[in-house]
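Inside the fold
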Amino acid sequence: MKNILFVVGSLRQGSFNHQMAELAEKALEGKANVTYLDYSDVPVFSQDLEAVVPVSVAQAREAVQAADAIWFFSPVYNFAMPGTVKNLLDWLSRSLDPTNPAAESAIHDKVTTVSLVANGGHEQAGDQYRSLLPFIRTNLVDQFTTSKVNDSAWADGKFVATEEVSADLNKQVEALLAAINE
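Here goes a summary of the coordinates provided. Note that the structure is predicted; figures quoted are calculated from it, not measured.

As for the packing of aromatic side chains
- Using the criterion set out here, one finds seven aromatic pairs in the structure.
- On the basis of an interplanar angle of 70° and a centroid distance of 5.6 Å, the ring pair of phenylalanine 6 and tryptophan 71 is categorised as edge-to-face. Taken together, the residues span a long stretch of sequence, with phenylalanine 6 in strand β1 (residues 2-8) and tryptophan 71 in strand β3 (residues 69-74) at a distance of 65 residues. Each member of the pair, phenylalanine 6 as well as tryptophan 71, carries the same accessibility label: buried.
- When the ring of phenylalanine 45 is compared with that of tryptophan 91, the centres are 4.9 Å apart and the planes differ by 75°; the resulting orientation is edge-to-face. Here the residue phenylalanine 45 occupies a position in the loop between β2 (32-36) and α2 (55-66), and tryptophan 91 occupies one in helix α3 (residues 83-92), the gap between them amounting to 46 residues.

Description of unusual backbone geometry
- A positive phi is found at asparagine 78, a non-glycine position, where the angle reads about 50°.
- With respect to the helices, strands and loops of the structure, asparagine 78 is situated in the loop between β3 and α3.
- Of note in the backbone geometry, arginine 137 takes a positive phi value of approximately 70° without being a glycine.
- Assignment of secondary structure puts arginine 137 in the loop between α4 (122-135) and β5 (139-140).

A closer look at α4
- Here α4 is 14 residues long and its end C-alpha atoms lie 20 Å apart, about the 20 Å a rise of 1.5 Å per residue gives.
- Turning to α4, its buried residues number three or more, namely His122, Ala125, Gly126, Tyr129, Leu132 and Leu133. Viewed end-on, α4 has its buried residues packed into an arc of 140°, placing them on one side of the element. The exposed set on the far side of α4, more than 90 degrees from its buried face, consists of Glu123, Ser131 and Phe135.
- Taken from the residues just after α4, arginine 137 is the one with a positive phi, measuring 70°.

What counts and what doesn't
- Residues numbered from 1 in each chain as written.
- Predicted model: local features only at pLDDT ≥ 70, side-chain atom pairs only at ≥ 80, totals over all residues.
- Heavy atoms only, no water.
- Phe/Tyr/Trp six-rings, centres within 6.5 Å; stacked < 30°, edge-to-face > 60°.
- Helix = DSSP H or I, 4+ residues; strand = E, 2+ residues; numbered from the N terminus.
- Buried < 20%, exposed > 50% of the residue type's maximum accessible area, 1.4 Å probe, protein only.
- Expected span 1.5 Å × (residues − 1).
- Arc of directions from axis to C-beta.

Quick look at the structure:
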């Protein structure tokens, strides 16, 4: 069975994007193994830190290299991808060979896809992922699922996917699995 690594862009406990990831995990049940990347300890990228790669970065790179695909579940912060995700991608896209900046990175040639849960800015943040992920040499499955946060979620903390969002999520699962198996 294939291995899919989930990267949830909100580090908040019980985030709406984590809840969307749980729905995707259920949709992948019996079709792929799912793990979640804990990148909360990854430091802000600095070339000064590259000589001795921080343990948290090394662990993130290992998890990415072990995966067949990476699925990002992203909130939208000020019409953009979260800084934490951009920072992680900066680390993951760096050459694994410090003497050769053009060498492969941990995320090189990985199949990637994105889902976004937010109250707006889906297009703008989605466009950032559509630009950045191919630029850092990933194979983007451009079958995104987007959802607004339901009104009651702000009161009870529970994200509820509409039938349309659930259908889109299932299409995204199938597109991702097809891309992995190519």
